[in-house]
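As a plain string of letters, each chain reads:
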Amino acid sequence: MQESRLKNYLLLHLIVFIWGFTAILGALITIDAIPLVFFRMLLAVLFIALYFLIKKKSFKVDKKGVTKFLFTGIIIATHWIFFFKAIKVSNVSVALVTMSTAAFFTSLIEPIFFKRRIKTLEIVLGLLVILGLYIIFNFESQYKLGIIYALIASFLGSLFSVLNGLFIKKYDANRISFYQLLFGTLFVTIYLIINNSFSLAFFNLPVSDWIYLFILSSVCTAYAFIISVQVMKYLSPYTVIITNNLEPIYAIVLALFIFGDKEKMNPEFYLGATIVLGVVLLNGIIKNKSAIKQKAKLRLKPKK
């Protein structure tokens, strides 16, 4: 069991790195957030459907599952729309550091669904994240709209992760991912139809955008989405969310190399970001010590 947890924790870190690259692709793709999410989800659904057909996996799911995946599919689509909007109106660094507030949101949401008490440690760590964000908000006022969009995306992402932590106990990760992305695609499609957004120009994208969308939908969505749900069999939603806070580190370093001056921020930003990302390390140290102590107690506990 311990080996399985370690394997899935390492897988989670790989996924977090891939998600960090997702933000880079979101900045490189020239189209707006809503069309971007539409293409991302549509292509990802096709990739997963192809995987199902090759592996001869069943698409079957019960009616309750359909309802659950419909609801969460809309949540993930909306989450991605606000996430990419945040990147478009600010930059990769601001959007991803703000997204780290997910730890605070999860500490409030998870106890409701998992029927456990709110842990003081999780609240304290979440508040430290808020402190770091407050410093950034004060000194990077030109990015306020991006911060607001990222906060909305952060809350929706937390809700989505907690709900998937419940679903994975009953449903297969592949089917969860397929139906959530399918319903998310339908949701965005209906929105675009209502707003008369579809036209020949809508699908006439630069070659570079199609290449980036292919990578985004296959590696960063279809693959990463399935694995991220799968690891929740072994890791709690809070652990998943707090580890996701490493995403800004990977993305900010990549963004500095790719976008240069656009990603360079005031010293105060890096102070706030250090507080936010330091929470990740602090949480890891504290939880690791707690796990060691718990293991020691189980060994010392007399057998009946």
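Description of the structure in this document.

Analysis parameters
- Residues numbered from 1 in each chain as written.
- Predicted model: local features only at pLDDT ≥ 70, side-chain atom pairs only at ≥ 80, totals over all residues.
- Heavy atoms only, no water.
- Helix = DSSP H or I, 4+ residues; strand = E, 2+ residues; numbered from the N terminus.
- Buried < 20%, exposed > 50% of the residue type's maximum accessible area, 1.4 Å probe, protein only.
- Contact = heavy atoms within 4.5 Å.
- Axes fitted to C-alpha atoms, helices over the stretch in contact; angles between N-to-C directions.
- Left-handed = near helix turned anticlockwise from the far one by under 90°.
- Nonpolar A, V, L, I, M, F, W, Y, C, P; charged D, E, K, R; others polar.
- Polar contact = N/O pair within 3.5 Å; in protein donor to acceptor, adjacent residues only side chain to side chain.
- Expected span 1.5 Å × (residues − 1).
- Core = buried A, V, L, I, M, F, W, Y, C linked by side-chain atoms within 4.5 Å.
- Patch = residues over 30% accessible without salt bridge, like charges linked within 9 Å, V, L, I, M, F, W, Y side chains within 5 Å.
- Areas by Shrake-Rupley, 256 points an atom, 1.4 Å probe, with all protein chains shown as cover.
- Salt bridge = Lys/Arg side-chain N within 4 Å of Asp/Glu carboxyl O.
- Phe/Tyr/Trp six-rings, centres within 6.5 Å; stacked < 30°, edge-to-face > 60°.

1. Focus: the overall build of the protein chain
On a plain count of helices and strands, the protein chain comes out with 13 helices and zero strands. In the protein chain, the order of α-helices and β-strands from amino to carboxyl end is α-α-α-α-α-α-α-α-α-α-α-α-α. When burial is assessed residue by residue, the protein chain has 50% of its 304 residues classed as buried. Looking at the protein chain alone, contacts between residues at least 24 apart form 88% of all its contacts between residues at least 6 apart.

2. Considerations on the packing of helix 3 (residues 63-89) against helix 8 (residues 173-194)
Running from N to C, helix 3 and helix 8 cross one another at 60°; their axes reach a closest spacing of 7 Å. The handedness of the crossing between helix 3 and helix 8 is right-handed. Mapping the contact onto sequence places Val66, Phe69, Leu70, Thr72, Gly73, Ile74, Ile76, Ala77, Thr78, Trp80 and Ile81 in helix 3 and Ile176, Tyr179, Gln180, Leu181, Phe183, Gly184, Phe187 and Val188 in helix 8. Of the residues that constitute the contact of helix 3 with helix 8, the class distribution is 14 nonpolar, five polar and no charged.

3. Quick word on unusual backbone geometry
Even without glycine at this site, Lys56 takes up a positive phi of about 55°. Secondary-structure assignment places Lys56 in the loop between helix 2 (33-55) and helix 3.

4. Points about the packing of helix 5 (residues 102-114) against helix 7 (residues 144-167)
One can describe the packing of helix 5 onto helix 7 by two numbers: an axis separation of 9 Å at closest approach and a directional angle of 35°. Helix 5 and helix 7 meet at a crossing whose hand is right-handed. On helix 7, the residues touching Ala102, Phe105, Thr106, Ile109, Glu110, Phe113 and Phe114 of helix 5 are Leu151, Ser154, Phe155, Ser158, Leu159, Val162, Leu163, Gly165 and Leu166. Considered class by class, the residues forming the contact of helix 5 with helix 7 number eleven nonpolar, four polar and one charged.

5. So, the environment of Lys88
Structurally, the position occupied by Lys88 is in helix 3. For Lys88, a relative accessible area of 33% puts it in the partly exposed group. Setting aside residues no more than four positions away along its own chain, Lys88 makes contact with Gly26, Ile29, Thr30, Ile31 and Leu36. There is a polar contact of 3.1 Å between the side chain of Lys88 and the backbone oxygen of Ile31.

6. Notes on helix 3
With 27 residues, helix 3 extends 39 Å from end C-alpha to end C-alpha; this agrees with the ideal 39 Å at 1.5 Å per step. The backbone nitrogen of Lys64 lies 3.2 Å from a side-chain oxygen of the residue at the head of helix 3, namely Asp62.

7. Structural notes on helix 8
The end-to-end C-alpha distance of helix 8, which contains 22 residues, comes to 32 Å, matching closely the 32 Å that a straight helix rising 1.5 Å per residue would cover. Sitting at the head of helix 8, Asp172 places a side-chain oxygen 3.2 Å from the backbone nitrogen of Asn174. Two residues or fewer after helix 8 comes Asn196, characterised by a positive phi angle close to 50°.

8. Here we look at the nonpolar core
Formed by 76 residues in total, the largest nonpolar core has its most connected members in Trp80, Phe83, Phe84, Val92, Leu181, Val188 and Leu216. At twelve residues, the largest contribution of residues to this core is made by helix 2. Filtering out sequence-adjacent residues up to four positions away, Trp80 remains in contact with Val37, Arg40, Met41, Leu181, Thr221 and Phe225. Ile147, Met265, Val276 and Val279 belong to the second largest nonpolar core, which has 14 residues in total.

9. Let's talk about a nonpolar patch on the surface
A contiguous nonpolar surface patch, about 610 Å² in accessible area, is contributed by Leu14, Val207, Ile211, Phe214, Ile215, Val219 and Tyr223. Residue placement: Phe214 occurs in helix 10 (residues 207-230). The class for Phe214 is partly exposed, based on a relative accessible area of 47%.

10. Things to note about the packing of aromatic side chains
The description of an aromatic ring pair rests on the distance of the ring centres and on the angle between the ring planes. Enumeration according to the criterion identifies 22 aromatic pairs in this entry. With a centroid separation of 5.1 Å and 65° between ring planes, the pair formed by Phe59 and Phe178 is classed as edge-to-face. Here Phe59 is found in the loop between helix 2 and helix 3, whereas its partner Phe178 is found in helix 8, with 119 residues between them in sequence. Judged by relative accessible area, which is 27%, Phe59 ranks as partly exposed. With 5.1 Å between their ring centres and 85° between their planes, Phe178 and Tyr179 make a pair best called edge-to-face. With relative accessibility at 8%, the residue Phe178 sits in the buried group.

11. So, the environment of Ala222
Position of Ala222 relative to the elements: it lies in helix 10. Apart from the residues lying within four places of it in its own chain, the contact partners of Ala222 are Ala44, Phe47, Ile48 and Ser217.

12. Thoughts on the pattern of salt bridges
Summed over all chains, the structure comprises one salt bridge. A salt bridge links Asp62 to Lys170; the nearest nitrogen and oxygen atoms lie 3.8 Å apart. You can see Asp62 sitting in the loop between helix 2 and helix 3 and its partner Lys170 sitting in the loop between helix 7 and helix 8, a full 108 residues away along the chain. Given the relative accessible area of 32%, Asp62 is considered partly exposed.

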